[in-house]
Amino acid sequence: HDAKVSAKGLRIYEPELETSPRRVTLVAELRAALNNGEIAVHVQPKAGLADGTVTGAEALVRWEHPELGRVSPDEFIPVAERSGLIGPLTTRVLDLSLAAVAGWRSAGHDLGIAVNLSTRSLHDADLVDEVARLLRRHDVPADRLTLEVTEGSVMADPARAVALLHQLRDLGVRLSVDDFGTGYSSLSYLKRLPVQEVKIDRSFVTGLTEDGEDVAIVRTIVDLGRHLGLQVVAEGVEERSTWELLASMGCDLAQGWYLGRPMPIGELVPWLRTRERA
Ligand code: C2E
Ligand code: CA
Ligand code: CA
Ligand code: CA
């Protein structure tokens with residue numbers, strides 16, 4: 001089935017999407033891209049709000065096609081989900097991400113990495129074995145890997161997703177709720193999920209200093225996280241004033257352009273070194 005969330009939040013059926021020329025092209029090209037090295041991962045640093053210490057990074061998949069140019073993950077992830085390519089794509093992202101962590105470790109930087117999981121991956125019984133295999137292959141301790149899931153992806157099939165999250169948790173992997181605050185049942189399900197972290201959606205964060213309602217929402221999520229013993233991350237921090245306000249609220253970590261843009265994996269250690277010198 002092929003559904004899309006319309007501007008009003010209703011799920012509408014769009015059969016023409018399956019066979020649109022753009023989509024047919026993307027499926028074929030994505031299948032090829034998985035075998036020819038066009039898929040890469042960029043990393044965006046994350047740091048403690050209290051002292052600016054970089055604790056890790058989020059892995060963001062990138063696809064640079066020779067003719068189509070850079071295709072956004074917001075376009076090709078849904079295509080991968082519907083065409084059965086999300087499994088191999090997630091495996092590739094995990095492999096590149098854990099190789100990066102191993103490289104940083106041998107350069108003397110003990111950093112974590114966060115990888116995004118899509119809805120289908122939460123229904124993939126092979127995922128747990130794949131994660132275990134890749135952690136072993138790269139010799140990375142399980143708690144250096146965080147898997148980010150959205151409320152929407154969990155809610156597509158809650159019983160199955162919760163069971164899978166528990167299996168991942170048993171491996172020692174950290175779990176995070178991405179885009180927190182944008183779903184419908186955040187509070188009740190947060191209690192049932194074996195997660196260690198929530199990421200406040202950037203729609204509440206980016207304009208924080210100009211919007212009193214966003215301040216109230218963010219403050220509430222930070223307090224909720226503290227009471228539940230969860231780490232709270234703010235994403236989309238673009239300005240110093242936002243950083244300072246979040247720090248004063250007691251939010252734990254921040255990610256966003258103010259700290260650093262997503263960058264190729266090989267640029268992270270040089271970037272860390274220029275920060276240390278500054
Ligand atoms: P997300 O997980 O919410 O990732 C954060 C997005 O915000 C990224 O967009 C990032 O580049 C962008 N961003 C970071 N800091 C700032 C900021 O300060 N201001 C603004 N305006 N934007 C910022 P990107 O890389 O285009 O990724 C879009 C979405 O695609 C991600 O949203 C995630 O849902 C999905 N995605 C990316 N990589 C993967 C992947 O490997 N697997 C899966 N399943 N999904 C992925
Ligand atoms: Ca994310
Ligand atoms: Ca997010
Ligand atoms: Ca988002």
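Look above for the structure.
I will try to describe carefully the structure that is included in this document. Fair warning: this is a prediction, and the values are worked out from it, not measured in the lab. (Residues numbered from 1 in each chain as written. Chains lettered and ligands numbered in written order. Predicted model: local features only at pLDDT ≥ 70, side-chain atom pairs only at ≥ 80, totals over all residues. Heavy atoms only, no water.)

## Section: the environment of Trp257
At step 1: Structurally, the position occupied by Trp257 is in the loop between β11 (253–255) and β12 (263–264).
At step 2: Judged by relative accessible area, which is 45%, Trp257 ranks as partly exposed.
At step 3: Each C-alpha atom, one on Trp257 and one on Ala216, is 23 Å from the other, the two residues being 41 residues apart in sequence.
At step 4: The residues contacting Trp257, other than those within four sequence positions of it, are Gln44, Val237, Glu238 and Pro262. (Helix = DSSP H or I, 4+ residues; strand = E, 2+ residues; numbered from the N terminus. Buried < 20%, exposed > 50% of the residue type's maximum accessible area, 1.4 Å probe, protein only. Contact = heavy atoms within 4.5 Å.)

## Description of the pattern of salt bridges
At step 1: Following the criterion strictly, the structure yields 14 salt bridges and no others.
At step 2: A salt bridge links Glu75 to Arg22, with the nearest nitrogen and oxygen atoms 2.7 Å apart. Pair noted here: Glu75 is in helix α3 (residues 73–83) and Arg22 is in helix α2 (residues 21–36), with a separation of 53 residues, a long-range link.
At step 3: Arg137 serves as the salt-bridge partner of Asp95, at 3.1 Å between the closest nitrogen and oxygen. Of this pair, Asp95 sits in helix α4 (residues 86–106) while Arg137 sits in helix α5 (residues 127–138), placing them 42 residues apart in sequence.
At step 4: Taking the relative accessible area as the measure of exposure, Asp95 reaches 21% and is therefore partly exposed. (Salt bridge = Lys/Arg side-chain N within 4 Å of Asp/Glu carboxyl O.)

## So, the environment of Val233
At step 1: Tracing the backbone through its elements, the reader meets Val233 in strand β10 (residues 231–234).
At step 2: Considered as a pair, Val233 and Ile200 are 33 residues apart in the sequence and their alpha carbons are 6.2 Å apart.
At step 3: Excluding anything up to four places from it in sequence, Val233 contacts Lys46, Glu197, Val198, Lys199, Ile200, Cys251 and Leu253.

## Some points on the site of ligand 1
At step 1: Near ligand 1 you find 22 residues, and of these Gln44, Arg62, Asp178, Glu238 and Trp257 are the closest.
At step 2: Contact distances for ligand 1 include 3.3 Å between an oxygen atom and a side-chain N or O atom of Glu58.
At step 3: In the model, an oxygen atom of ligand 1 is placed 3.1 Å from a nitrogen or oxygen of the Arg202 side chain.
At step 4: Sorting the residues of the shell around ligand 1 by element identifies β4 (54–65), α3 and β8 (174–180) as the ones contributing at least two each.
At step 5: A per-element tally of the shell around ligand 1 places β4 first, with four residues.
At step 6: Its residues assigned to classes, the shell around ligand 1 shows nine nonpolar, five polar and eight charged. (Near = heavy atom within 4 Å. Polar contact = N/O pair within 3.5 Å; in protein donor to acceptor, adjacent residues only side chain to side chain. Nonpolar A, V, L, I, M, F, W, Y, C, P; charged D, E, K, R; others polar.)

## Notes on the coordination of the calcium ion (ligand 2)
At step 1: Summarising the metal site, the calcium ion (ligand 2) is bound by the protein donors Glu58 (OE), Asn116 (OD1), Glu148 (OE) and Asp178 (OD), whose distances to it range over 2.2 to 2.3 Å.
At step 2: One chain supplies every donor to the calcium ion (ligand 2), and in sequence these donors are spaced E-x57-N-x31-E-x29-D.
At step 3: Judged by relative accessible area, Asn116 falls into the partly exposed class, the value being 31%. (Donors = N, O, S within 2.8 Å, 3.2 Å for Na, K, Ca; no water.)

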